[in-house]
Amino acid sequence: MSSTEAPSVSAPHGGPTLPQERRVVTAIPGPRSQELLARKSAAVAAGVGVAVPIAVVAAGGGVVVDADGNSLIDLGSGIAVTSVGNAHPAVVAAVTQQVQAFTHTCFTITAYDGYIAVAEALNRLTPGDHEKRTALFNSGAEAVENAVKIARKHTGRQAVVVFDHAYHGRTNLTMALTAKNQPYKNGFGPFAPEVYRVPMSYPFRDGGLSGPEAAARAILQIEKQVGAENTAAILIEPIQGEGGFVVPAPGFLRALSEWATANGVVFIADEVQTGFARTGAMFASEHEGIVPDIVTTAKGMAGGLPLSAVTGRADVMDSAHVGGLGGTYGGNPIACAAALAAIDAFEHDGLVERAAEIGTIVLDALHEAQARDPRIGDVRGRGAMIAMELVDPTTGEPDAALTGRVVRYATEHGVIALTAGTYGNVLRFLPPLAIDDDLLREGLSIVLDGLAAHAPDAPPAEPVSTQSATTAAVAS
Ligand code: PLZ
């Protein structure tokens, strides 16, 4: 049965009319997915991995449907991208209209409204009510690269300070900015120079340093090893994404941002993963009351189309000379049309509040599980960006093997869950904000079942039933 033949049930927060249900009708991956993945192996470079081995044919609301007719609960949003819901109807309509009008001009050749409207929206929505300017690009990495270019031009300095566990991309400069060797950097050097890494505030693993103490440790290292007068920028994710949803202790970000301001250093918040309602605020910087000089955004902003941005203080942004910033596709009109529709949904469909509600549901479920399972070492995050860190309960050592087993269990039972973290032992939850409560709770309970199934005293696993996993569609 193809997904389009399934009975139609409206997703509660947009998305196409896919039944909002977990449905497992074959082993996962099923035969059609396996066929596609065999073709993938023969045609696609081995370095491009696939974490969840299914062939997607449709997605919307809180589900992803595969070629075998399985409907998986989506707790990943394509890594925090489809926040408004996959194929959100307003995004589809805006893209359809734009694609019929014109598909491309190259903004630096001839201008168009969509690009400017996205810049205006970002200038209005990002933290701080000072005068701002925006430049648009395609990927998160490209936005980060350009933020660094601008900060260097503005300050006339070269050094960029980044943090342990940071993730900023896979291009040459952003590989240098990213902390983790495997899989992102191994063998791909030499890396860009003038990048300096300092310790992060990581409450679960840094012996309980307060935010100001952790900031003082980082600042001392910058002053002693780099020199404020050489530092163009401090670049930081307000909540680390790939690094394992590390939420710094309160006051850490503020102390760094104050030090940056006092020393003429550009403070760049990389909100590529945390931005656009994900954390229960439009931007994660807001939780700490900080106003970055520059904010980088991408992912959730354009409802699944590739678009990224650098938004910052007008005096900083305008230090790049005319013609100094650009690219063939940056701010593509179709991606901008999608972004304007998605931004409208973020602003007017209560998605910031929805992310906060999702946070409460996920935190409650994980805290309850943690109370009875000491392998859940830490539960943390904000809004629809929550994670648990799995450890050996006796030693406290990270348990990446267990994390991998739980994710495999989830996949086989029709739930997409992602890992993260320097030690590979973080299970992270990034559901679309369009998911409904029942589906979210069911997805979480499957993941927690997976954890229970891999307890030292768990009974041997039973084969996955392909019938009983079908749940009633949640129609409102
Ligand atoms: N900055 C904070 O999270 C992308 C990477 C997935 P691009 N994170 C997902 C992978 O394995 O490649 C990310 C991020 C932060 C920058 C980026 C880079 O964004 O759009 O992937 O280039």
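What counts, and at which threshold
- Residues numbered from 1 in each chain as written.
- Predicted model: local features only at pLDDT ≥ 70, side-chain atom pairs only at ≥ 80, totals over all residues.
- Heavy atoms only, no water.
- pLDDT = per-residue confidence, 0-100.
- Contact = heavy atoms within 4.5 Å.
- Axes fitted to C-alpha atoms, helices over the stretch in contact; angles between N-to-C directions.
- Helix = DSSP H or I, 4+ residues; strand = E, 2+ residues; numbered from the N terminus.
- Left-handed = near helix turned anticlockwise from the far one by under 90°.
- Nonpolar A, V, L, I, M, F, W, Y, C, P; charged D, E, K, R; others polar.
- Pairing = 2+ DSSP bridges.
- 1 Å grid on protein atoms, 1.4 Å probe; cavity = no way out; pocket = protein on both sides within 12 Å on 5 of 7 lines; lining within 4 Å.
- Points joined across faces, edges and corners; volume = space filled by probe spheres on them.
- Parallel < 35°, antiparallel > 145°, perpendicular 65-115°, else oblique.

1. Considering the confidence of the model for the protein
Line of reasoning, step 1. The share of residues in the protein with pLDDT of 70 or more is 95%, and the mean pLDDT across the chain is 94.
Line of reasoning, step 2. This model gives residues 1–14 a pLDDT under 50, and the stretch forms 31 contacts once residues within four places in sequence are excluded.
Line of reasoning, step 3. Segment residues 468–476: pLDDT under 50, and 21 contacts once partners within four positions in sequence are set aside and those in other chains are kept.

2. Thoughts on the packing of helix α7 (residues 211–225) against helix α8 (residues 252–262)
Each pair of packed helices can be summarised by the angle the axes make with each other and by the distance between the axes.
Line of reasoning, step 1. Packing of α7 against α8 leaves a shortest axis separation of 7 Å and a crossing angle of 35°. The way α7 lies across α8 gives a crossing that is right-handed. In contact with Gly211, Pro212, Ala214, Ala215, Ala218, Ile219, Ile222 and Glu223 of α7, α8 contributes Phe252, Ala255, Leu256 and Trp259.
Line of reasoning, step 2. Here the contact of α7 with α8 is built from residues that sort into ten nonpolar, one polar and one charged.

3. Focus on the sheet that holds strand β4 (residues 132–137)
Line of reasoning, step 1. In spatial order, the strands read β4-β10-β9-β8-β7-β5-β6; together these seven strands make up an open sheet with mixed pairing. Of all the strands in the sheet, just β4 and β6 (195–198) have a single pairing partner and so form its edges. The sheet shows a mean angle of 20° between the axes of neighbouring strands, taken without regard to direction.
Line of reasoning, step 2. Pairing analysis gives six bridges linking β4 to strand β10 (residues 308–313), with the strands arranged antiparallel. Across the sheet, the residue bridging to Phe137 is Ser308, located in β10.
Line of reasoning, step 3. Contacts between α8 and the sheet are confined to β5 (159–163), β7 (231–236) and β8 (266–270), with β7 contributing the most and set at about 165° to the helix.

4. Concerning the layout of surface pockets
The rolling of a water-molecule-sized probe over the atoms marks out the regions of remaining empty space.
Line of reasoning, step 1. Here the second largest pocket defines a volume of roughly 510 Å³.
Line of reasoning, step 2. Listed by contribution, the elements that provide at least two residues to the lining of the second largest pocket are α4 (113–125) and β4.
Line of reasoning, step 3. The dominant element in the lining of the second largest pocket, judged by the number of residues it contributes, is β4, at six residues.
Line of reasoning, step 4. Per-class residue counts for the lining of the second largest pocket are eleven nonpolar, nine polar and four charged.

5. Comments concerning the side chain of Ser83
Line of reasoning, step 1. With respect to the helices, strands and loops of the structure, Ser83 is situated in the loop between α2 (77–80) and α3 (89–101).
Line of reasoning, step 2. With near-sequence residues (within four places) excluded, Ser83 lies in contact with Arg278, Gly300, Phe346, Pro432, Leu433 and Ala434.

6. Here's the deal with the packing of α4 against helix α10 (residues 333–348)
Line of reasoning, step 1. Look at α4 against α10: their axes get within 9 Å of each other, and the N-to-C directions meet at 30°. Between α4 and α10, the angle is such that the two are roughly parallel. Judged by the twist between their axes, the crossing of α4 over α10 is left-handed. For the pair α4 and α10, the contacting residues are Gly114, Tyr115, Ala117, Val118, Ala121, Arg124 and Leu125 in the first and Cys336, Ala339, Leu340, Ile343 and Glu347 in the second.

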